[in-house]
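Spelled out, the chains give:
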Amino acid sequence: VYKHFIGYIPKPLGLDRLAQNVALFLRLGRPRAKAAETLAVADDHPKRRHPRFNVEIGALCRFRSSTRHGGGAKVAGLIRNLSEGGLMLELPQMHPRGVLAEISFRTNDGRILSVAEVVWTGSPEIVKGVGQVYRHGLCFVRMAQDQRNAIRRFIVKRFTTQPS
């Protein structure tokens, strides 16, 4: 099923939330040719362990407290920066530092499943056509080596292939 859809909208929800989710899903559902543009972030911090790359990848997240297993409802988000060590994610609601998230997103090689911790949350921003979003910095805390290698292959392939 995950191969054929971007996400879902759980009930109950209001009209504002419906409009935000539909706008996000439309943004995520762009043709793959546009999503193939991956660029290194120019102002990358020199002490950063893994270089970051600008991407636009849809993700499904399930947030949970750091002390409790299980989780809440799935939330759709948009990955804006990706590295082997973590990612930057846009979400319609804010999640505090220290919260763990189960993240699922697709690369060319397959689906990446990981657990990441929120290490920073930005102030709310208004995105045209979507509404208010929050940017979150997440650091991978549990990830199998084959999943980390899949991210590495995805980044290398996208960064070294010139768009036609």
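The helix and strand tally for the protein chain stands at three helices and eight strands. Beginning at the N terminus, the succession of helices and strands in the protein chain can be written as α-α-β-β-β-β-β-β-β-β-α. Classification of the 164 residues of the protein chain by burial places 40% in the buried group. A fraction of 56% describes how many contacts in the protein chain between residues 6 or more apart in sequence connect residues 24 or more apart. For the protein chain, the exposed area adds up to about 9800 Å²; of that, 56% sits on carbon and sulfur atoms.

Bringing the pattern of salt bridges into the picture now. Under the criterion given, the structure shown has five salt bridges. Of the charged contacts in the structure, one is a salt bridge between Arg-135 and Glu-90, with a shortest N-O distance of 2.9 Å. Remark: Glu-90 occurs in strand S4 (residues 86-91) and Arg-135 occurs in strand S8 (residues 131-142); sequence separation between them is 45 residues. The exposure class assigned to Arg-135 is partly exposed, which follows from its relative accessible area of 25%. Linked through salt bridges whose partners overlap, the residues forming this network are Glu-56, Arg-80, Glu-90, Glu-125 and Arg-135.

This paragraph deals with the pairing of strand S5 (residues 100-107). Counting buried residues along S5, six of its eight residues qualify, which places the element largely inside the surrounding structure. As judged from the six bridges shared by strand S2 (residues 53-64) and S5, these two strands associate in the antiparallel manner. Along S5, the bridge assignment pairs Cys-61 with Ile-103. When S5 meets strand S6 (residues 110-121), the two strands line up antiparallel, connected through eight bridges. Counterpart to Thr-107 in the pairing with S6 is Gly-110.

Our focus in this paragraph is a nonpolar patch on the surface. A grouping of Leu-15, Leu-18 and Val-22 is seen on the molecular surface, where their side chains present a nonpolar patch of about 280 Å² in accessible area. Looking at where Val-22 falls in the secondary structure, it is placed in helix H1 (residues 15-28). Overall, the relative accessible area of 37% leaves Val-22 in the partly exposed class.

Below, the discussion takes up the nonpolar core. Core analysis: the biggest nonpolar cluster contains 26 residues, and Ile-79, Leu-82, Leu-87, Ile-103 and Phe-105 have the highest contact counts within it. Among the secondary structure elements, those contributing two or more residues to this core are S2, strand S3 (74-82), S4, S5, S6, S8 and helix H3 (145-160). In terms of residue count, S2 provides more of this core than any other element does, six residues in total.

What follows is about the environment of Arg-142. Residue placement: Arg-142 occurs in strand S8. Between the alpha carbons of Arg-142 and Val-115 there is a distance of 5.2 Å; along the sequence they are 27 residues apart.

By secondary structure assignment, the location of Glu-84 is in the loop between S3 and S4. The exposure class of Glu-84 is buried, given its relative accessible area of 17%. Only 2.7 Å separates the side chain of Glu-84 from the side chain of Arg-152, close enough to count as a polar contact.

Here the focus is the confidence of the model for the protein chain. Low-confidence regions, as indicated by low pLDDT, have predicted coordinates that should not be scrutinised in detail. For the protein chain, per-residue confidence averages 75 on the pLDDT scale, and residues scoring 70 or more make up 66% of the total. This stretch, residues 31-44, has a pLDDT under 50; its non-local contacts, to residues over four places away or in other chains, come to 24 contacts.

Of note, Val-141 is situated in strand S8. Counting along the chain gives 25 residues from Val-141 to Ala-116, while the straight-line C-alpha distance between them is 5.1 Å. Here Val-141 is in contact with Leu-100, Val-115, Ala-116 and Glu-117, once residues within four sequence places are set aside.

Conventions we followed
Residues numbered from 1 in each chain as written. Predicted model: local features only at pLDDT ≥ 70, side-chain atom pairs only at ≥ 80, totals over all residues. Heavy atoms only, no water. Helix = DSSP H or I, 4+ residues; strand = E, 2+ residues; numbered from the N terminus. Buried < 20%, exposed > 50% of the residue type's maximum accessible area, 1.4 Å probe, protein only. Contact = heavy atoms within 4.5 Å. Areas by Shrake-Rupley, 256 points an atom, 1.4 Å probe, with all protein chains shown as cover. Salt bridge = Lys/Arg side-chain N within 4 Å of Asp/Glu carboxyl O. Pairing = 2+ DSSP bridges. Patch = residues over 30% accessible without salt bridge, like charges linked within 9 Å, V, L, I, M, F, W, Y side chains within 5 Å. Core = buried A, V, L, I, M, F, W, Y, C linked by side-chain atoms within 4.5 Å. Polar contact = N/O pair within 3.5 Å; in protein donor to acceptor, adjacent residues only side chain to side chain. pLDDT = per-residue confidence, 0-100.

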